[in-house]
Amino acid sequence: MRRPLLVAVVLGSMVSMLASGALTARIVLSATTYWTFVPIAEALALLVVAGRRLERGSRSAAIDTFFAGHGPWTLFMIAVTGVLTFVSPALWWTLLTGALIVGMAIVMLWSASIDFWFFRTALSASRAGAIRDVLLHRLLTWTAVFAIFAVETWTPGGIVRELVESFKEM
Amino acid sequence: MRHFRTIAVGGCFLAALVAGTMSDRPKASVSREIGGYHVLSADLHVHSFPISWSTLSAWDTVLEARHQGLDAIVMTPHNHVWVAKLGRWFSHIIGGPLVLVGEELTSSRYHMIAVGISTAVSSRQPAARAIDDVHRQGGIAIAAHPYAPFQPAYDAEAMQRLDGSEVVRPESQHDDRAASELREFFERSPRLAAIGATDYHGLGPLGYSRTYIFARERTEQGVIDAVRERRTVAYDRDGVYGDRDMLALASANGGLPHDAPDLPIFAGLAVFSRIAALIALSAAVLFNRW
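Chains are numbered independently. Their residues run from 1 in the order of the written sequence. A letter from A marks each chain and a number from 1 marks each ligand, given out in the order of writing. Whole-chain, interface and lining totals are the exception, using all residues; otherwise, since this is a predicted model, local features are given only for residues with pLDDT of at least 70 and side-chain atom pairs are given and counted only at 80 or more. Only heavy atoms go into the side-chain values, all of them from the structure, while hydrogens and water stay out.

1. Considering the overall build of chain B
Looking only at helices and strands, chain B features nine helices and 11 strands. For the radius of gyration, the atom set is restricted to C-alpha positions; the globular benchmark scales as 2.2 Å times the number of residues to the power 0.38. Since a compact globule built from 290 residues should have a radius of gyration of about 19 Å, the 21 Å found for chain B is in line with a globular shape. Dimensions along the principal axes, computed over C-alpha positions, put chain B at roughly 70 × 45 × 40 Å. The classification of residues rests on relative accessible area computed with a 1.4 Å probe and restricted to protein chains. Under 20% of the type maximum is buried, over 50% is exposed, and intermediate values are partly exposed. The buried share among the 290 residues of chain B stands at 58%. Residue pairs in contact within chain B that sit at least 24 positions apart in sequence constitute 66% of those at least 6 positions apart. Accessible area for chain B stands at about 12100 Å²; split by element, carbon and sulfur atoms hold 57% of it. Charge convention: Lys and Arg are scored as positive, Asp and Glu as negative, and His as well as the terminal groups of each chain are ignored. Charged groups are reduced to one reference atom each: NZ for lysine, CZ for arginine, CG for aspartic acid, CD for glutamic acid. A distance of 6 Å separates the average location of the 28 positive side-chain charges in chain B from that of its 31 negative side-chain charges. Labels follow the DSSP assignment, with helices taken as runs of H or I lasting at least four residues and strands as runs of E lasting at least two, numbered in each case from the N terminus. Contacts between residues were defined by any pair of non-hydrogen atoms, one from each residue, lying within 4.5 Å. Here, Shrake-Rupley sampling with a 1.4 Å probe gives the accessible areas, and only protein chains in the shown set may cover a residue.

Below you can see the structure in the form of structure tokens.
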């Protein structure tokens, strides 16, 4: 479970640097705790998607291996934090709605391809099955993370409405 | 080799944490009494995690407000109030700052800050009716980032009821067009209290844009009454908005600090902390083969 834990620590550290401009104990410890909801959501989604294909004894190791696919996202978050904390806030909105979206699209494909090969090799999924697994995992994880982060009404309509409004605002 | 890497990455992270914690000094409150008023430094538009597009939890947000020397904040979750109530509860436990329960009503036509409410107000109604709902709860309503696309929602009926308007925000201190749109809206009505607010989402310093509130008492009700009676002052990059009598009073008593807070972009220890943390975390990810 080293990789999921690392994701939580990276998220807590990013939160601290974005809020205070440094890695401060008071924010890192606290933020790492509640941002564990991201790796937890990803791990739970994996258990749902993989179902009985994951043997009980090997689940922990499989989750750790699966989080290799989170590497591009983790490196991307580190890079984004590095840039945002070294430029004037006047540039933040431009970066967040421009370069960030392009970067996200690349990372999304990169990460999906790693997960695709995880499902192909670790769970012996067919090509079509692995694609379905990746898409289902993304749907479950992203919906959960987006709902917790941004949506006050946890209904399909509420989630879609928030998504539409946020695109409009951008 | 593996042990050496672990020690190097761990050491780098620890150094970042120590330097960052040392650089993280709290700012003093500028609160004082002038002419019978408590002058409070406040940020009236603050979001927190979860469900409001913010990264810091309610308790971390309250601690951050205290750290930034703010005397009061309004916690404004999107279309609900429970996270704000959590923040106010935590603030009571640790002894301040003042936390007022608020809500940011978000709809496609307008965004509005409700301050001093106890239950959420629906944004699925015209602005004037939403303001009436806020007033019925004893609260006040402030136009949030009233840029051109949101201005038509504030018709004559809404403008008569509105208590305040955000006229200073972080982006307006860098962007002339943003500043001019906010100013144009604020100048539409002499009834509006001038509000400086950060619209905090966990990025950058809380209280970067703030409002000085001239309250008769240092309480939540005191803050609400002061805004309702327009006893507020907000400083922009090169201007000031708000009650002229309060400004004169403050000027006669040494003035109020009005430079935007320093950003820790190039502050020594903070820079070292960030660079060391970014190196340590990148190395941890790469050495862990992702």
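And the narrative resumes.
2. So, the overall build of chain A
A tally of regular secondary structure across chain A gives nine helices and zero strands. The secondary structure elements of chain A, listed N-terminal to C-terminal, are α-α-α-α-α-α-α-α-α. Here the C-alpha atoms of chain A give a radius of gyration of 17 Å, agreeing with the 15 Å that 2.2 N^0.38 yields for 170 residues. For chain A, the spread of C-alpha atoms along the three principal axes comes to 50 × 35 × 30 Å. Evaluated residue by residue, chain A yields a buried proportion of 51% over its 170 residues.

3. Some points on the domain arrangement of chain B
With domains assigned, chain B is organised as domain 1 (1-25 + 263-290) and domain 2 (31-261). Its C-alpha centre places domain 1 of chain B at a distance of 36 Å from the equivalent point of domain 2 of chain B. Domain start and stop points were drawn from an automatic or database domain assignment.

4. Quick notes on unusual backbone geometry
Residue and element names in this part refer to chain B. Cis geometry is adopted by the peptide bond preceding Pro 50, which originates at Phe 49 and carries an omega value of 0°. Relative to the helices and strands, Pro 50 is located in the loop between strand 2 (37-46) and helix 2 (58-67). The linkage connecting Gly 96 with the following residue, Pro 97, adopts the cis geometry, with an omega of 10°. In this structure, Pro 97 sits in the loop between helix 3 (82-94) and strand 4 (98-106). Backbone geometry at Asn 79 places phi at a positive 55°, although glycine is not the residue there. Examined against the element boundaries, Asn 79 turns out to sit in the loop between strand 3 (72-75) and helix 3. When its relative accessible area of 17% is taken as the criterion, Asn 79 is described as buried.

5. As for the side chain of Asp 43 of chain B
Within the fold, Asp 43 of chain B resides in strand 2. Buried Asp 43 of chain B, no salt bridge; nearest opposite-charge side chain is Arg 210 of chain B, N-O distance 6.7 Å. Salt bridges, as used here, are contacts in which a Lys or Arg side-chain nitrogen is within 4 Å of a carboxyl oxygen on Asp or Glu.

6. Description of the side chain of His 145 of chain B
Residues and elements named next belong to chain B. You can see His 145 is positioned in the loop between strand 6 (140-143) and helix 5 (156-161). The exposure class assigned to His 145 is buried, which follows from its relative accessible area of 6%. Each residue touching His 145, except ones within four places of it in the same chain, is listed here: His 45, Glu 104, His 111, Phe 150, Glu 166, Arg 169, Leu 182 and Asp 199.

7. Quick word on the interface of chain A and chain B
The interface of chain A with chain B comprises 57 residues on the first partner and 54 residues on the second. When the two sides are added together, the surface that chain A and chain B hide from each other amounts to roughly 4400 Å², 66% of it contributed by carbon and sulfur. Of all residues in chain A, Leu 23, Arg 26 and Phe 86 of chain A give up the largest surface area on contact with chain B, accounting jointly for 15% of the area buried on that side. On the surface where chain A and chain B come into contact, there are two salt bridges. With a shortest N-O distance of 2.5 Å, Arg 26 of chain A and Asp 24 of chain B are connected by a salt bridge. A 3.5 Å cut-off defines polar contacts: any pair of N or O atoms within that distance qualifies, except that in protein one atom must be a possible hydrogen donor and the other a possible acceptor, and neighbouring residues in sequence count only when both atoms are side-chain atoms. Counting across the chain A and chain B interface gives 18 residue pairs in polar contact (both at pLDDT 80 or more). As used here, buried area is the combined drop in accessible area, with a 1.4 Å probe, of two parts when they are placed together.

8. With respect to the packing of helix 2 of chain B against helix 3 of chain B
Residue and element names in this part refer to chain B. Only the contacting stretch of a helix is used when fitting its axis, a line to C-alpha atoms as for every element, and angles between N-to-C directions run 0 to 180 degrees. Two numbers describe how helix 2 lies on helix 3: the axes approach to 8 Å, and their chain directions differ by 55°. Between helix 2 and helix 3, the interaxial angle falls into the category oblique. Once helix 2 is placed against helix 3, the crossing between them reads as right-handed. Touching Ala 58, Trp 59, Val 62, Leu 63 and Arg 66 of helix 2 are Val 83, Leu 86, Gly 87, Phe 90, Ser 91 and Ile 94, all from helix 3. Under the grouping applied here, Gly and all other residues not named as nonpolar or charged are polar, the nonpolar ones being Ala, Val, Leu, Ile, Met, Phe, Trp, Tyr, Cys and Pro and the charged ones Asp, Glu, Lys and Arg. Grouping the amino acids of the contact of helix 2 with helix 3 by side-chain chemistry returns eight nonpolar, two polar and one charged. Every angle not falling under 35 degrees, over 145, or within 65 to 115 is termed oblique; those three ranges are roughly parallel, roughly antiparallel and roughly perpendicular. By convention the crossing between two helices is left-handed if the near helix lies anticlockwise of the far one by an angle smaller than a right angle, and right-handed if it lies clockwise.

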